[in-house]
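Given next are the chains, with one letter for each unit.
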Amino acid sequence: MKISRFNWKLLLTILVSLFSFIELYCSEYLVPRQARAIDYADIDLDNDMDIVVSCYYTNTIPDTIAILLNDGTGLFSVNNLQKETLHFLKCFKVDNDDLPDLVTKILEDYQFVYYHNNGDGSFGEAILIHSTLSDHYEKISVADINNDGDNDIVFWKSGFDPYWGILHNNGYGGFTENVYYTAETIAMGLDVGKINDDEYDDVLLTTGEGPLIFYNDLPYFIESVPDSFICSNIYSLDMDNDGNNDVGLYQFQSAGEFDKFKILYNSGDGTFADADTIMVSWGSIITDINDFNNDGYPDLVYFMTVGSAFELIYVMLNDQNGDFLEPACYNLGYPTYFISCTADFDNNGYNDLAITGYNVDFTHDGVSLLFNDGTGNFVEEPQANFSEECKIENVKCKINNYPNPFNPVTTISYELPYGVAKPIIEIFNIKGEHIRELKIDPPSFHYGATGNEELRTNSVVWDGTDNYRNQVSSGVYLYRLVDDGNVLTSQKMILMK
């Protein structure tokens, strides 16, 4: 949607936003009140993406970091840790092990700290990163600024008297004295990315007088003014998929006008040629920029801060021609302010969305998952490519059910090799809640006609009830074969009434 002079298009966009949406009952997990930050990482190094959420203190609930551990199929278990957290939460490798740690701020002089990942699902006490950073409005980005293989911290202060700087990581969780770079006017956004043709990450800053790029020429930075466009947010993104990071400048407009997203196209050496200006509905806030349909082009996720559109989140796919397609709208029913992160949570090769946020009236406290069906369209259930092969190496097993979909009874057939000692079948609903456990017998030793050991086929009937024999509702269910706590294989089934 490039800029148009016709106001009726604005009216049409608003009407589409309010009345044409997809209502989802997505996977949802409860967390303590006032979720204010979200990030993802492989917390337990089991090769799937977990989620961390920062939850602020209320009168009844202390500060909490919620850890959502992924079982590999897009289902999560929630572990709430009472850890002090403030303003932001980032999850990345800080010290010299392979485990991602938690970086945040605490109320004591607004200090930067990190919580060391112990590797068993717990995190240690707060370790001071730097003692002289004490402004409440400092925020961080993460990048290996000096290309030494360790994650450094690029920090910045928004608002008046702005500055940004770097904390260089020594690889053991120790950080050098910060280096300050000041701006002359109010700062509103920062991003990090490779803009010119060297190997170092550069720093992008937007101020009340326009955008700035600080080209990395360690130990110094060279300041450049790429454009005079006054904007509130700045992004490094490869809009045209040519291998060079372009610069996106987002400008809020007055009521009744389209917000503007200006793209400065990188020539490859940090200079900029042509530009496109794209319209986005007034009052929108971008929460993520990522590729959702695996075409190599970045797409947008945003929500609107006006009218009933508080409950909607939008995804605009890149049309590969300097513009975006009409947005798809998803009605979550909450909150009034969204934050999100993007990763492949169900291991199907496509980026999904984890969304949280807060209501000013404290009526919702949760994390919702929208799963990518492979086209950039989002659905409520995980889209994992469940394999019939066992997830434990060198152990063959199979599981299936018939009929599928079913009502009200289905037969779950399974094949197990000799040596599986404590098999059970676990059934979960789409929210990740444990519904039913079915006891099954371990296989007896058996040789086939060829003299080789064969899988033994058995079956068990599920009548659509939970562990308390209550009838469950229609929907998608995940069932998995487990032996002594180890997940062997998984499948999906649908109960239709």
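Refer to the structure above for everything that follows.
Residues numbered from 1 in each chain as written. Predicted model: local features only at pLDDT ≥ 70, side-chain atom pairs only at ≥ 80, totals over all residues. Heavy atoms only, no water.

As for the overall build of the protein
- When its secondary structure is counted, the protein shows 1 helix and 37 strands.
- Within the span of the protein, comprising 497 residues, buried residues form 54% of the whole.
- Carbon and sulfur atoms form 48% of the exposed surface of the protein, whose accessible area is close to 21,900 Å². (Helix = DSSP H or I, 4+ residues; strand = E, 2+ residues; numbered from the N terminus. Buried < 20%, exposed > 50% of the residue type's maximum accessible area, 1.4 Å probe, protein only. Areas by Shrake-Rupley, 256 points an atom, 1.4 Å probe, with all protein chains shown as cover.)

Let's talk about the environment of Ala 35
- Secondary-structure assignment places Ala 35 in strand β3 (residues 35-41).
- Counting along the chain gives 21 residues from Ala 35 to Tyr 56, while the straight-line C-alpha distance between them is 6.5 Å.
- Apart from residues no more than four positions distant in its own chain, Ala 35 is found in contact with Val 53, Ser 54, Cys 55, Ile 339, Thr 356, Gly 357 and Tyr 358. (Contact = heavy atoms within 4.5 Å.)

A closer look at the pattern of salt bridges
- One pass over the structure, following the stated rule, counts 7 salt bridges.
- Of the charged contacts in the structure, one is a salt bridge between Lys 194 and Asp 201, with a shortest N-O distance of 3.6 Å.
- A salt bridge links Glu 437 to Lys 439; its shortest N-O distance comes to 2.9 Å.
- Within the structure, one salt-bridge network assembled from shared partners comprises Asp 71, Glu 426 and Arg 480. (Salt bridge = Lys/Arg side-chain N within 4 Å of Asp/Glu carboxyl O.)

Some remarks on the sheet that holds strand β14 (residues 179-182)
- On the basis of which strands lie adjacent, the open sheet formed by 4 strands has the order β11-β12-β13-β14 and antiparallel pairing. A single partner strand is all that each edge strand has here, and the edge strands are β11 (138-143) and β14. For this sheet, the mean angle separating the axes of adjacent strands, direction not counted, is 20°. (Pairing = 2+ DSSP bridges. Axes fitted to C-alpha atoms, helices over the stretch in contact; angles between N-to-C directions.)

A look at the sheet that holds strand β10 (residues 123-130)
- Reading across the sheet, the 4 strands line up as β7-β8-β9-β10 and stay open at both edges, with antiparallel pairing between neighbours. Either end of the sheet is taken by a strand with one partner, and the two such strands are β7 (86-92) and β10. Here the strands of the sheet are splayed against their neighbours by 25° on average, with no regard to which way each runs.

Side note on unusual backbone geometry
- Going from Tyr 402 to Pro 403, the amide bond is cis rather than trans, its omega being -5°.
- You can see Pro 403 is positioned in the loop between β31 (398-402) and β32 (410-416).
- The omega angle of the peptide bond from Asn 404 to Pro 405 is 5°, so this bond is cis rather than trans.
- Within the fold, Pro 405 resides in the loop between β31 and β32.

With respect to the side chain of Asp 201
- Tracing the backbone shows Asp 201 in the loop between β15 (187-193) and β16 (202-207).
- Looking at Asp 201, its side chain comes within polar contact range of the main-chain nitrogen of Lys 194, at 3.5 Å.
- In contact with Asp 201, other than residues within four places in its own chain, are Ala 143, Asp 144, Ile 145, Val 192, Gly 193, Lys 194, Asn 216 and Phe 221. (Polar contact = N/O pair within 3.5 Å; in protein donor to acceptor, adjacent residues only side chain to side chain.)

Description of the packing of aromatic side chains
- What the rule picks out here adds up to 23 aromatic pairs.
- One aromatic cluster in this structure is built from Phe 88, Phe 112, Phe 155, Tyr 163 and Tyr 180. (Phe/Tyr/Trp six-rings, centres within 6.5 Å; stacked < 30°, edge-to-face > 60°.)

Quick word on the nonpolar core
- By size, the foremost hydrophobic cluster in this structure holds 22 residues, and its most contacted members are Ile 38, Ile 51, Val 53, Leu 68, Phe 345 and Leu 369.
- Of all elements in the fold, only β3, β4 (50-55), β5 (64-70), β27 (337-343) and β29 (366-372) reach the threshold of two or more residues within this core. (Core = buried A, V, L, I, M, F, W, Y, C linked by side-chain atoms within 4.5 Å.)

Quick look at the side chain of Lys 105
- Residue placement: Lys 105 occurs in strand β8 (residues 101-105).
- A distance of 3.3 Å separates polar atoms of two side chains, one belonging to Lys 105 and the other to Glu 138.
- When neighbours within four sequence positions are excluded, Lys 105 is seen to be in contact with Glu 84, Thr 85, Leu 86, Phe 88, Tyr 110, Gln 111, Phe 112, Asp 135, His 136 and Glu 138.

What about the pairing of strand β12 (residues 152-157)?
- With respect to burial, β12 is a largely interior element, 6 of its 6 residues being buried.
- Pairing analysis gives 6 bridges linking β11 to β12, with the strands arranged antiparallel. Among the inter-strand pairings, Ser 141 is bridged to a residue of β12, identified as Val 154.
- Note that β12 and strand β13 (residues 163-167) share 5 bridges and pair antiparallel. Among the inter-strand pairings, Ile 153 is bridged to a residue of β13, identified as Leu 167.
- Counted between consecutive antiparallel strands, the loop separating β12 from β13 contains 5 residues, among which Gly 159 sits at a positive phi close to 80°.

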